[in-house]
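The primary structure of each chain is shown beneath.
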Amino acid sequence: MSFVPPGSGWPGDPAAPGTPVAHDAADVVRLAGESRTVAELTARESVCRACPSLVKWREEVADVKRKSFADQTYWGRPVPGWGDDEPRILIVGLAPAAHGGNRTGRIFTGDRSGDWLFASLHRTGLAAQETSTHAGDGQRLIGARVMAAVRCAPPANKPTPQERDTCSPWLARELALVAESTRVIVALGGFAWQAMWPALRAAGYALPRSRPRFGHGEESVVSYGERPVHLLCCYHPSQQNTFTGRVTAEMLDAVFSRAATLAL
Ligand code: SF4
C-alpha cells in the first residue's frame, strides 16, 4: 500500500474509511464548501485525490522511501491543517516535504524546516515541545494552527499554479472555519503569501485593493467583519534559507513573538 488507509489507526488521522474523496477540482470546491467543522474539513482534505500528478508523486515517494527511513511506513496522503481548532495565530506554509509531512502525516513534522519552525514556536510559547518528530509524539500547538497552501508534497517543493488553485478551496474553507478566533496570520515565504490572498478573500476577509509586497518582518492589516487581523511575513525556514543565514533563529523568534503580542 502506497499510503495509510483512512481510519486505520495512524495517530491523529482525521479521516475514516467512509470519508468522501475529492477526485477533481469541482469536488474540492463542493466538499470544502459543504464542510461544517474543522474536523470534517481536515478529514476530507486528508483523502483528496484531485491533482493526478501530485497523487502519483506523493504515493511513489511513500513507496520508494528515503534510505534512512526505509523501515518506516509513509503517510502518503495530503497533509491537512493541524493545531488549535480555535487559534488566535495561523501559520501558513508552502506544502509538505516529501520525506517530512508526507512521511509523518503532520505538517512541518520530521524535516529540517520543521525543526527550525517548532523550536521557534516553543521558544515563543506557541508549541508545547521544541521538536516535532512524528504523529503521536506529544507535540501540541498553543493557540496556534499550521496549514499549507498546497496539501500534497510536490516534486522539488514546487507545485504548479494549477495545483495551487485546485487546493485553494481547502485553504479558504479552513481560514473561514477558524476566522472567528483568528487575530494574526503569519505567511512563511512568498509562495504562501501569494496563495493566501485569494483564499482570504474567499473566506470572507475584506482586503485592500493592492496586495502589499512580501518581505521578512513586513506587517499589514486586513479585516474580518469589524475586526482587524494582522498579517505578518516571515522568510520560509527552508534548508536553503537557514544554511545561508537568510533566516536565523533570532529572525523567526522576532516574528513569532510579535505574532503572540498582537494576538493578545
Ligand atoms: S494538492 Fe490539494 S487539491 Fe491537490 S490532491 Fe493534494 S489535497 Fe487535493
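Residues numbered from 1 in each chain as written. Predicted model: local features only at pLDDT ≥ 70, side-chain atom pairs only at ≥ 80, totals over all residues. Heavy atoms only, no water.

Spatially, 1-3-2-4-6-5 is the arrangement adopted by the six strands of the open sheet, whose pairing is mixed. Two strands in the sheet have a free side with no partner beyond their single neighbour: strand 1 (82-83) and strand 5 (219-224). Two strands pair when backbone bridges link them, and strand 1 and strand 3 (residues 144-148) are joined in this way by two bridges, in the antiparallel orientation. Bridged to tryptophan 82 within strand 3 is valine 146. Along the sheet, helix 9 (residues 249-262) contacts strand 2 (89-93), strand 4 (184-188), strand 5 and strand 6 (227-234); its crossing angle with strand 6, the most-contacted strand, is approximately 175 degrees. (Pairing = 2+ DSSP bridges. Helix = DSSP H or I, 4+ residues; strand = E, 2+ residues; numbered from the N terminus. Contact = heavy atoms within 4.5 Å. Axes fitted to C-alpha atoms, helices over the stretch in contact; angles between N-to-C directions.)

Turning our attention to the site of the ligand. All residues adjacent to the ligand are Cys48, Ala50, Cys51, Leu54, Pro78, Val150, Arg151, Cys152, Thr166, Cys167 and Trp170. Tallying contributions element by element places helix 6 (residues 161-177) first for the shell around the ligand, with three residues. Here the residues of the shell around the ligand are counted per class, giving nine nonpolar, one polar and one charged. (Near = heavy atom within 4 Å. Nonpolar A, V, L, I, M, F, W, Y, C, P; charged D, E, K, R; others polar.)

A regular strand places its side chains on the two faces of the sheet in alternate fashion. Burial of the side chains of strand 5 is restricted to one face: Ser220, Val222 and Tyr224 are buried, whereas none of Glu219, Val221 and Ser223 on the reverse face is. Taking the residues between adjacent antiparallel strands as the criterion, strand 5 and strand 6 are bridged by two residues, where glycine 225 takes a positive phi near 65 degrees. (Buried < 20%, exposed > 50% of the residue type's maximum accessible area, 1.4 Å probe, protein only.)

In this section: the pattern of salt bridges. Per the counting criterion, the structure on display carries 15 salt bridges. Salt-bridge contacts for glutamate 40 lead to arginine 36; the nearest nitrogen and oxygen are separated by 2.9 Å. Looking at glutamate 40, the relative accessible area reads 18%, which means it is buried. Aspartate 137 serves as the salt-bridge partner of arginine 106, at 3.0 Å between the closest nitrogen and oxygen. Note that arginine 106 is positioned in the loop between helix 4 (101-104) and helix 5 (112-123) and aspartate 137 in the loop between helix 5 and strand 3, a separation of 31 residues in sequence. Classification of arginine 106 as buried rests on a relative accessible area of 6%. For aspartate 137, a relative accessible area of 16% gives the class buried. (Salt bridge = Lys/Arg side-chain N within 4 Å of Asp/Glu carboxyl O.)

So, about the packing of helix 6 against helix 7 (residues 190-202). Helices that pack against each other are described as a pair by the angle of their axes relative to one another and the distance between those axes. Interaxial distance between helix 6 and helix 7 falls to 8 Å at its minimum, and their mutual angle equals 60 degrees. With respect to helix 7, the element helix 6 is oriented oblique. Read as a crossing pair, helix 6 and helix 7 show a hand that is right-handed. Residues Arg164, Ser168, Leu171, Ala172 and Leu175 of helix 6 pack against Phe191, Ala195, Met196, Ala199, Leu200 and Ala202 of helix 7. Residue composition of the contact of helix 6 with helix 7, grouped by class: nine nonpolar, one polar and one charged. (Parallel < 35°, antiparallel > 145°, perpendicular 65-115°, else oblique. Left-handed = near helix turned anticlockwise from the far one by under 90°.)

It is worth spelling out the state of the cysteines at this point. Overall, the coordinates contain zero disulfides when judged by the stated rule. Distance from the sulfur of cysteine 233, which forms no disulfide, to the nearest cysteine sulfur (cysteine 234) is 8.9 Å. You can call cysteine 234 buried: its relative accessible area is 0%. (Disulfide = S-S within 2.5 Å.)

What follows concerns helix 6. Structural remark: α-helix, 3.6 residues per turn; residues separated by three or four positions point the same way. The end-to-end C-alpha distance of helix 6 is 24 Å, a good match for the 24 Å that 17 residues give at a rise of 1.5 Å each. Turning to helix 6, its buried residues number three or more, namely Glu163, Thr166, Cys167, Ser168, Pro169, Trp170, Leu171, Ala172, Glu174 and Leu175. (Expected span 1.5 Å × (residues − 1).)

What follows covers the nonpolar core. By size, the foremost hydrophobic cluster in this structure holds 31 residues, and its most contacted members are Ile89, Ile91, Leu121, Val184, Val186, Leu188 and Phe256. Secondary structure elements with two or more residues in this core: strand 2, helix 5, strand 3, strand 4, strand 6 and helix 9. Ranked by residues supplied to this core, first place goes to helix 9 with five residues. The residues contacting valine 186, other than those within four sequence positions of it, are Ile89, Leu90, Ile91, Val92, Leu232, Cys234, Val255, Phe256 and Ala259. (Core = buried A, V, L, I, M, F, W, Y, C linked by side-chain atoms within 4.5 Å.)

Apart from glycine, the bulk of residues carry a negative phi angle, and the bulk of peptide bonds sit in the trans form. Unlike most non-glycine residues, lysine 65 shows phi in positive territory, near 65 degrees. Of note, lysine 65 is situated in the loop between helix 3 (52-64) and strand 1. With a phi close to 55 degrees, asparagine 157 is a non-glycine residue in the positive phi region. As for its position among the elements, asparagine 157 is in the loop between strand 3 and helix 6.

Just geometry here; none of it tells us what the structure is for.
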